[in-house]
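Residues per chain are reported as follows:
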Amino acid sequence: QMFPQLDKELHFGFEKCGSLVVARSKEDEDILSDLMKRGEKNGVKNLRIVKQAELREMEPMINKDAISALYSPDAGNITPYEYAIALAENAVDNGVELRLRRVVKGIA
């Protein structure tokens, strides 16, 4: 949930598109349940399990073996190098001395 606000501040191109982790068996559904519990424990909001009928409405071309999915509507993607550059620029703006092509022998 932090990426939309961080993108507003650092402009690295977060694209919110949601995600589905798909189950094709009862065992997979048990894994989805565990993933949902872990996500909630880690503060991820708006997670929910969608059953086959709703899943097919969301993704009509999904594999016919799909029986449910863990849906995270707030998930998205970034371009990793743009994100890394934005973080480095922000660090420099806040007083970090950035040194390139140096061997690190210790951190004080």
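Residues numbered from 1 in each chain as written. Predicted model: local features only at pLDDT ≥ 70, side-chain atom pairs only at ≥ 80, totals over all residues. Heavy atoms only, no water.

(A) Quick look at the overall build of the protein chain. The secondary structure content of the protein chain amounts to four helices and five strands. In the protein chain, the order of α-helices and β-strands from amino to carboxyl end is α-β-β-α-β-α-β-β-α. A compact globule built from 108 residues would reach a C-alpha radius of gyration of about 13 Å, whereas the protein chain, at 19 Å, exceeds it by more than 25%. Viewed in the frame of its principal axes, the protein chain has a C-alpha envelope of about 55 × 30 × 25 Å. For the protein chain, the residues scored as buried account for 19% of the 108 residues in total. Contacts in the protein chain between residues far apart in sequence, at least 24 positions, make up 63% of those at least 6 positions apart. Of the roughly 8400 Å² of accessible surface on the protein chain, 53% is carried by carbon and sulfur atoms. (Helix = DSSP H or I, 4+ residues; strand = E, 2+ residues; numbered from the N terminus. Rg over C-alpha atoms; globule rule 2.2 N^0.38 Å. Buried < 20%, exposed > 50% of the residue type's maximum accessible area, 1.4 Å probe, protein only. Contact = heavy atoms within 4.5 Å. Areas by Shrake-Rupley, 256 points an atom, 1.4 Å probe, with all protein chains shown as cover.)

(B) Spotlight on the packing of aromatic side chains. Evaluation of the coordinates by the stated rule reveals four aromatic pairs. Seen in terms of ring centroids, Phe3 and Phe12 are 6.1 Å apart; in terms of plane orientation they differ by 80°. Their pairing is edge-to-face. On the accessibility criterion, Phe12 (1% relative accessible area) is buried. Ring geometry for Phe3 against Tyr83: centres 5.4 Å apart, planes inclined by 55°, an arrangement best described as tilted. Of this pair, Phe3 sits in helix α1 (residues 3–10) while Tyr83 sits in helix α4 (residues 80–93), and the two are 80 residues apart along the sequence. On the basis of relative accessible area, Tyr83 is assigned to the buried category, the value being 17%. Feature note: the residues Phe3, Phe12, Phe14 and Tyr83 constitute an aromatic cluster, connected by ring pairs. (Phe/Tyr/Trp six-rings, centres within 6.5 Å; stacked < 30°, edge-to-face > 60°.)

(C) Seen up close, the side chain of Asp7. Positionally, Asp7 belongs in helix α1. One buried charged residue, Asp7, forms no salt bridge at all, with the nearest opposite charge on Lys8 at 8.8 Å. In this structure Asp7 touches Phe12, Gly13 and Phe14, once residues within four positions along its chain are discounted. (Lys, Arg positive; Asp, Glu negative; His and termini not counted. Salt bridge = Lys/Arg side-chain N within 4 Å of Asp/Glu carboxyl O.)

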